[in-house]
Amino acid sequence: MQLTNIRKRIFLLVLAMGLLFGMPTFAIAGTTTQTTASGAISLETTRNTIKKGEAFTVVCRVTSSVGVLETDFFVDYNTSVLEFVEGGTRATKETGGVHVVSNDNTDSPIRRTFSLQFLAKKEGDATVFIRDGAFVMGGDGTQLSVRTNRLELVVNETGEPADGGGQADGNGPQTDANGNPVYTDQNGNPIQTDENGNPVGPDGQPIATEIPSNAGGNNKIKSLITNAREMVPDFDPTVGTYDAVVDAQTDTFFIDYELADNNAHAIIKGNTNLNYGENKVKLIVTAANGNKRKYVFLVTRMSEKNEPAVAETVTPAAADIDTGLDKEENNSYSILLYIIIAFLAVFSISMVVLVRKQRREIDNLYLEEEERERINETENDIRGREGDIEGGKIRGEDGQFRYRD
């Protein structure tokens, strides 16, 4: 009975240890599920009204506060109005949309950027949006819930909104399909330009051009987007120099801009065939009166291993992303976890000592039981031998009693 009670006590101690070890695990798991991270896929463009026949850029930014490791999603659009041109090695044209996949990365920045080039081939309304089922894996290896937006675009003959706001008066210089200025002489023949976009003669010397009497001097960019994964600072029309980073697979720094004055013109230099490392890209804006403004982008193309770039602040486009525990909450959680671990360590040592003590008691009981059995066996042997003696006679081997010598 005593041995059975000891076994019951040991069983209850083991059960208590299991419950105490399990409770912190459940608590930790519950805390983790309460801070599930999310991501956002935002589509951006500099203008919502596109001129028929023009190419334009849609920048697709995937952001998350826990980092972005992998992406796999479709960008859908009205194929009757828009035509997909290119989007680098990560974007592939498929039926009804563009398939964007980036799944062989070793880093997880808070933003991944993809630049998609479209052609406005026909007048009409067009919508660009993210198809349901977008997959984004965070830097912590978990699949993120994803929020998206959509672009509502209009393609017409002028490229100007229906209300006529900002419409050009026709006094600015002509531009080609890429927005670069085209200078012509009095006979309509093209005139060469230098690296800064200034017209030059056959000898390479600058030549004067006629400036309209009503020409303005606004040479600023109103808005601008690029395919940079990171750009510091955010674009400001009055800031002239920027640091930007693009992925290793990106060999072209796309810039889509909107001029503050439609009579001005702009040219881009050095944005193609990017080398690994730092590249200098220039965006030169010339006002109608000839005044120039230069925007310089120091673009770093990452190495083929996509080495991590400098961390950046989340932009307003991703400002509504859920965040994890803040620093104070993390500290409180860590202190609680350390207390639980310390308690478990002390409790475990106590349990080991107690179990060993109980084990010794069991061993002592077994020894006492064996001693009692040995004594009983000895006493039985003695009684057996006394039974063989009767009236001073000893029973012999034949069973007969004989007197002892």
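Residues numbered from 1 in each chain as written. Predicted model: local features only at pLDDT ≥ 70, side-chain atom pairs only at ≥ 80, totals over all residues. Heavy atoms only, no water.

So, the packing of aromatic side chains
Right, on to step 1. Under the counting rule described, the total for this entry stands at nine aromatic pairs.
Right, on to step 2. Relative to Phe297, the ring of Phe253 has its centre 5.6 Å away and its plane inclined at 50 degrees; by these criteria the two rings are tilted. With Phe253 in the loop between β18 (241-246) and β19 (255-259) and Phe297 in strand β22 (residues 292-301), the pair connects residues that are 44 residues apart, well separated along the chain.
Right, on to step 3. An angle of 20 degrees between the planes, with centres 6.1 Å apart, marks the rings of Phe343 and Phe347 as stacked. Pair noted here: Phe343 and Phe347 are both in helix α2 (residues 327-387), with a separation of four residues, about one helical turn.
Right, on to step 4. Here a set of aromatic residues connected by ring pairs shows up, and it is made of Phe235, Tyr242, Phe253, Tyr295 and Phe297.
Right, on to step 5. Taking NZ or CZ as reference, Arg150 lies 4.8 Å from the ring centre of Phe129, over its face.
Right, on to step 6. The cationic tip of Arg301 hangs over the ring face of Tyr276; the distance from NZ or CZ to the ring centre is 4.2 Å. (Phe/Tyr/Trp six-rings, centres within 6.5 Å; stacked < 30°, edge-to-face > 60°. Helix = DSSP H or I, 4+ residues; strand = E, 2+ residues; numbered from the N terminus. Lys NZ or Arg CZ within 6 Å of the ring centre and 35° of its normal.)

Side note on the sheet that holds strand β8 (residues 111-120)
Right, on to step 1. Across the sheet, which stays open at both edges, the five strands sit in the order β5-β8-β3-β1-β11 with mixed pairing between neighbours. Looking at which strands have only one partner, the edges of the open sheet turn out to be β5 (82-86) and β11 (145-148). Within this sheet the neighbouring strands show an average axis-to-axis angle of 30 degrees, counted without direction. (Pairing = 2+ DSSP bridges. Axes fitted to C-alpha atoms, helices over the stretch in contact; angles between N-to-C directions.)

Quick word on the sheet that holds strand β20 (residues 265-269)
Strand pairing within a sheet occurs via backbone hydrogen bonds; the two strands may be parallel or antiparallel.
Right, on to step 1. The five strands lie next to each other as β17-β18-β22-β21-β20, forming an open sheet whose pairing is mixed. Looking at the sheet topology across the chains shown, the edges are occupied by β17 (230-232) and β20. Neighbour-to-neighbour, the strand axes of the sheet open up by a mean angle of 20 degrees, direction not taken into account.

With respect to the pattern of salt bridges
Right, on to step 1. For the coordinates displayed, the defined rule picks out eleven salt bridges.
Right, on to step 2. With its nearest N and O atoms 2.6 Å apart, the salt bridge here joins Arg372 to Glu369. With a gap of three residues between them, Arg372 and Glu369 both fall in helix α2, about one helical turn apart.
Right, on to step 3. Salt bridges linked by common partners bring Asp107, Arg112, Arg229 and Asp247 together as one network. (Salt bridge = Lys/Arg side-chain N within 4 Å of Asp/Glu carboxyl O.)

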